[in-house]
Amino acid sequence: MATGVGRTKDNMKKWGLLGVTSTTCECGIEQSMKHNNIMQCPICPYSCTQDDVINANDNAKDVASFWAETI
């Protein structure tokens, strides 16, 4: 995530790893790093900023753990 590349639906589709055709998140917004919705998605009980990711603090770890189990 710190590099701006993550296992988001738009990237998974680009890499040929997404089993479905939609890149829309369950919250209704396209799931991508560009829009930061993976770090501040309303369905994720945690949120973080790019600075949190760079510093690998607890906020970033919580968000990463949530998405690791979801995506």
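Relevant structure appears above.
Residues numbered from 1 in each chain as written. Predicted model: local features only at pLDDT ≥ 70, side-chain atom pairs only at ≥ 80, totals over all residues. Heavy atoms only, no water.

J.: Mind showing me how you'd approach unusual backbone geometry here?
T.: One can expect most non-glycine residues to show negative phi and most peptide bonds to be in trans. Although it is not a glycine, Ala-56 adopts a positive phi angle of roughly 50°. Counting through the fold element by element, Ala-56 comes out in the loop between helix H2 (50–55) and helix H3 (58–70). (Helix = DSSP H or I, 4+ residues; strand = E, 2+ residues; numbered from the N terminus.)

J.: In this structure, what is going on with H3? I would like to understand it.
T.: Two residues of an α-helix separated by three or four positions point the same way, owing to the 3.6 residues in each turn. Over its 13 residues, H3 extends 18 Å from the first C-alpha to the last, a length consistent with the 18 Å expected when each residue adds 1.5 Å. Within H3, burial applies to Ala-60, Val-63, Phe-66 and Trp-67. Each buried residue of H3 sits inside an arc of 130° when the element is viewed along its axis, so together they form one side. Opposite the buried face of H3, at more than 90 degrees from it, the exposed residues are Asp-58 and Glu-69. Contacts from the buried residues of H3 go to H2. By the N-cap criterion, in which a side-chain oxygen at the helix start approaches the backbone nitrogen of a residue two or three places on, H3 is capped by Asn-57, the distance to Asn-59 being 3.1 Å. (Expected span 1.5 Å × (residues − 1). Buried < 20%, exposed > 50% of the residue type's maximum accessible area, 1.4 Å probe, protein only. Arc of directions from axis to C-beta. Contact = heavy atoms within 4.5 Å. Polar contact = N/O pair within 3.5 Å; in protein donor to acceptor, adjacent residues only side chain to side chain.)

Keep in mind these numbers describe shape, not what the thing actually does.
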